[in-house]
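The chain contents come next:
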Amino acid sequence: MKLFPTVRSVGLCLVALAFCVQTPALAQDVGLCISERFADQVADVVAQQDGARMIRFGDHAELVERVAQCDAVIAMAPTGLDEVLRAGPRLRWLQTASAGVERLVRFEELVASDVVLTNTKILQGPEIADHAFALLLTLTRDIRFFNKQETWNRDNHLPIIELRGKTALIIGLGGIGSQIAQRAAAFEMRVIAVDPKDIPMGRDLDYVGTPDQLDELLPQADVVFSSVPHTPASRGMLGKEQFALMKDGVYVVNVSRGAIIDTDALVAALRSGKVRAAGLDVTDPEPLPDGHPLWSMPNVVITPHIATVSDHSIERRVILFRDNIERFVNGRPLRNVIDKELGY
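These lines cover the structure that appears in this document, whether it is placed above or below. (Residues numbered from 1 in each chain as written. Predicted model: local features only at pLDDT ≥ 70, side-chain atom pairs only at ≥ 80, totals over all residues. Heavy atoms only, no water.)

**Digging into a negative patch on the surface**
To be explicit about the condition: Patch definition: residues with relative accessible area over 30% and no salt bridge; like charges joined within 9 Å; nonpolar side chains (Val, Leu, Ile, Met, Phe, Trp, Tyr) joined within 5 Å. To measure how exposed things are, a 1.4 Å probe is used in the Shrake-Rupley method; for residues, cover is taken only from the protein chains shown. Between Lys or Arg on one side and Asp or Glu on the other, a salt bridge is scored when a side-chain nitrogen of the former is within 4 Å of a carboxyl oxygen of the latter. His is not counted, nor are the chain ends; Lys and Arg add positive charge and Asp and Glu add negative charge. In this description, the location of a charge corresponds to atom NZ of lysine, CZ of arginine, CG of aspartate or CD of glutamate. For helices the rule is a DSSP run of H or I covering at least 4 residues; for strands it is a run of E covering at least 2, with both sets numbered from the N terminus onward. Exposure classes here rest on a 1.4 Å probe applied to the protein chains alone. A residue is buried below 20% of its type maximum, exposed above 50%, and partly exposed in between.
Together, D212, D215, E216 and E241 make up a region of like negative charge exposed at the surface. Considering the arrangement of structural elements, one finds E241 in helix α11 (residues 240-245). We classify E241 as exposed; its relative accessible area is 60%.

**A short note on the pattern of salt bridges**
The tally for this structure, following the rule as stated, stands at 18 salt bridges. With its nearest N and O atoms 2.7 Å apart, the salt bridge here joins R90 to D71. Placement of R90 in the loop between α4 (81-87) and β4 (93-96) and of D71 in the loop between α3 (60-66) and β3 (72-75) is noted, with a sequence separation of 19 residues between them. Here D71 falls in the buried class, since its relative accessible area comes to 7%.

**Examining the sheet that holds strand β9 (residues 223-226)**
To keep things clear, this is the line we draw: A pair of strands is considered paired only if DSSP assigns at least 2 bridges between the two. An axis is simply a line fitted to the C-alpha atoms; with a helix, the fit covers only the stretch in contact. Between two such axes, the angle follows the N-to-C directions and lies from 0 to 180 degrees. Working rule for contacts: check all heavy atoms of both residues, and any pair within 4.5 Å makes them a contact.
With parallel pairing, 7 strands are arranged side by side in an open sheet as β8-β7-β6-β9-β10-β11-β12. Strand pairing shows two members of the sheet lacking a second neighbour, β8 (207-209) and β12 (300-302), which therefore form its edges. Looking at each pair of strands side by side, their axes are set apart by 15 degrees on average, direction ignored. The pairing of strand β11 (residues 275-280) with β12 spans 3 bridges and is classified as parallel. Bridge pairing in β12 links A278 to V300. Of the strands in this sheet, β9, β10 (250-254), β11 and β12 touch helix α7 (residues 125-140), which is tilted by about 150 degrees from β10. Against the sheet, helix α12 (residues 263-272) contacts β11 and β12, and its axis sits at roughly 135 degrees relative to β11.

**Regarding the packing of aromatic side chains**
Applicable threshold: Two aromatic rings from Phe, Tyr or Trp, using only the six-membered ring of Trp, form a pair when their centres are within 6.5 Å; if the ring planes differ by under 30 degrees the pair is stacked, by over 60 it is edge-to-face, and anything between is tilted.
Counted according to the given criterion, the structure contains 5 aromatic pairs. Here F38 and F321 contribute two aromatic rings whose centre-to-centre distance is 5.0 Å and whose plane-to-plane angle is 80 degrees, an arrangement assigned as edge-to-face. You can see F38 sitting in helix α2 (residues 36-47) and its partner F321 sitting in helix α14 (residues 313-329), a full 283 residues away along the chain. Both residues of the pair, F38 and F321, belong to the buried class. Here the aromatic cluster, defined as three or more aromatic residues joined through ring pairs, consists of F133, F187 and F225.

**Details of the state of the cysteines**
The following threshold applies: Note that a disulfide, as used here, is simply two cysteine sulfur atoms within 2.5 Å.
By the definition in use, this model includes 1 disulfide. Covalently, C33 is tied to C70 through a disulfide, its sulfur atoms 2.0 Å apart. Looking down the S-S bond of the C33 and C70 bridge, the torsion is 65 degrees, so its handedness is right-handed. You can see C33 sitting in strand β1 (residues 30-35) and its partner C70 sitting in the loop between α3 and β3, a full 37 residues away along the chain. Considered together, C33 and C70 belong to a single accessibility category, that of buried residues.

Below is the structure:
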């Protein structure tokens with residue numbers, strides 16, 4: 001009678017032993033290819049994960065050379081991703097330091113694969129929203145004109161207006177758009193938006209519609225902000241027909257991607273006065289070529305895709321990377337997962 005419990009106990013011990021041996025074995029060789037740009041900032045958290053090892057790389061050639069050892073890649077948006085995927089059959093996770101992923105999801109190999117793609121959406125909202133209002137206020141207070149005069153002349157070029165009581169239309173209410181909404185509400189603007197997601201009403205928002213309602217909302221807007229991801233559905237979202245629907249003298253601010261706006265249609269709308277002024281951190285093409293009409297227009301302010309730059313942006317990225325590294329190694333869900341089919 002004592003034999004059965006003994007055998008059973010031994011059997012249970014063997015099962016437990018097998019489990020204990022197998023689990024670390026699965027996690028003993030988790031290779032993390034991490035760009036030199038971020039490696040020092042995450043080295044300690046990698047060292048704390050049992051079985052994880054960091055494999056540094058400096059450029060694309062080094063990544064291709066070393067990715068065969070890697071289950072994950074953490075980098076800016078890698079170029080030549082098809083080559084990386086072919087060289088890295090173990091790859092299961094790609095973390096990009098960019099919020100936009102249009103350059104990555106164009107690779108069919110990535111979209112069709114089981115590789116999980118994560119980005120830095122939401123994290124870049126504060127600085128980009130600040131930049132959107134910097135562009136807008138430069139125009140509504142005619143700061144560019146006064147700054148260029150280099151003399152004490154109070155005659156303005158653009159009308160000097162206040163934002164209180166004006167209507168802001170935000171296209172895309174994600175991490176950036178929601179931060180723009182907060183700032184617009186703080187200026188006592190009426191805030192409306194379009195977004196494909198069901199967005200709950202809040203104190204910053206007067207109305208949120210779906211993208212198919214854009215044309216009916218455009219005539220209400222005094223300011224149109226573009227903060228929508230670049231996808232096939234959003235490319236050219238603001239074109240000749242949309243500009244025709246806008247109020248005369250509308251302001252347009254684009255801090256997402258240049259391809260959201262038809263550039264030729266924007267130039268025509270600026271020349272006609274339909275669009276009073278435009279603030280652009282992004283353009284199509286990008287960089288904007290020398291001699292392009294937008295450079296010389298007195299009612300246009302252009303910055304070279306720097307809205308993502310701030311004194312805290314890298315800090316927030318690294319916090320996300322560290323968290324996702326721990327989650328990945330320990331089999332927990334990752335943050336900021338992209339739907340590769342939708343592109344955001």
